[in-house]
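# Residue-level structural notes
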Amino acid sequence: MQEPLVPAERNSKAIFITVVCLIGLMLGGIFVTKAYIRLLERQQSEFRPEYKKRLQKNFQMVRHDREAVGLNQLEGKVWLATPFVSGQPETGRASREAMVKMASSFVDTKDVVFLLLAVNPETDSVEKMQAFAQGNELALPQWWLVGAEGEKLRKFMKNELRYGIFPHEKDGSWNFDTSVVIVDRQRHIRGHFDFDRAAVENAKHQEAKGKDPEYPKLMLERLQKTIDYLLTNDQ
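Residues numbered from 1 in each chain as written. Predicted model: local features only at pLDDT ≥ 70, side-chain atom pairs only at ≥ 80, totals over all residues. Heavy atoms only, no water.

### A short note on the side chain of Asp-194
Within the secondary structure, Asp-194 is located in the loop between strand E10 (188-193) and helix H5 (195-209). For Asp-194, which is buried and forms no salt bridge, the nearest opposite charge comes from Arg-197, at a distance of 5.8 Å. Other than its neighbours up to four places away in sequence, Asp-194 contacts Ser-95, Asp-177, Thr-178, Ser-179 and Met-219. (Helix = DSSP H or I, 4+ residues; strand = E, 2+ residues; numbered from the N terminus. Buried < 20%, exposed > 50% of the residue type's maximum accessible area, 1.4 Å probe, protein only. Lys, Arg positive; Asp, Glu negative; His and termini not counted. Salt bridge = Lys/Arg side-chain N within 4 Å of Asp/Glu carboxyl O. Contact = heavy atoms within 4.5 Å.)

Okay, structure coming up:
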């Protein structure tokens, strides 16, 4: 005959420990979730420009004051660069104007340098670069207008500075990426800002939607924020 089933004795201590453990797991999960939410909020509020690459080699150039210069002389400084062709003043104008505004904001900061890269140094001679600098009030030591052997400079712009297209001449005009590239104190590329493209997209949006999205203004604010960050942070 089968023995009758007898209920097991309640182990109050074991039940208490189990309940405490379950409550602990629940509270722990809540704290982890809240900590994760706080981390996400902090990541959204913190600003840190992305790394793109480090310029390893020392590229040699000739500055508009006829001085031979190299990237090694910019070590420890934050610098911005954008291409230009003196005979095509409209190409890249918005990006150059943004650089001028940034130069005004950091006029008392010796650690920020602005470069204009001669896309076609065969025609943009030292004399032409000097005339362009004087005509636009771009003065040393804050401004460098630089050239080098044409093909080498254009390869440097595409392969090292990571501009979107290889500068090339077509139908008598030069086509090139008009972005402003920004490089930190350790020669890491930290961003590209194409103000000419932003202006075009801004006009399209305004025409289609009837509202100014202020893309160039927002991009300028981000560029200034990037410079501020790189001046005060090592990473």
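### Structural notes on the pairing of strand E6 (residues 143-147)
Within E6, five of the five residues are buried, which leaves it mostly tucked inside the rest of the structure. Burial along E6 is two-sided: the face carrying Trp-143, Leu-145 and Gly-147 and the face carrying Trp-144 and Val-146 are both buried. The pairing of strand E2 (residues 60-63) with E6 spans two bridges and is classified as antiparallel. Paired with Val-62 across the two strands is Gly-147, which belongs to E6. (Pairing = 2+ DSSP bridges.)

### With respect to the nonpolar core
Residues Leu-80, Phe-114, Leu-116, Leu-145, Ile-182, Leu-223 and Ile-227 are the most contacted members of the largest nonpolar core, which totals 30 residues. Here this core gets six residues from one element, more than from any other, and that element is helix H6 (residues 215-232). Ignoring any residue separated from it by four or fewer positions in sequence, one finds Leu-116 in contact with Thr-82, Phe-84, Arg-96, Met-99, Phe-132, Leu-138, Trp-143, Trp-144, Leu-145 and Val-146. Ranked by size, the runner-up nonpolar core spans 25 residues in total, among them Ala-81, Leu-115, Leu-153 and Val-183. (Core = buried A, V, L, I, M, F, W, Y, C linked by side-chain atoms within 4.5 Å.)

### Focus: the pattern of salt bridges
On inspection of all chains with the given rule, the structure shows 14 salt bridges. Measuring nitrogen to oxygen at the nearest pair gives 2.4 Å for the salt bridge that ties Glu-127 to Arg-66. Of the two residues, Glu-127 sits in helix H3 (residues 126-135) while Arg-66 sits in the loop between E2 and strand E3 (68-70), which places them 61 residues apart along the sequence. Using a relative accessible area of 44% as the deciding quantity, one classes Glu-127 as partly exposed.

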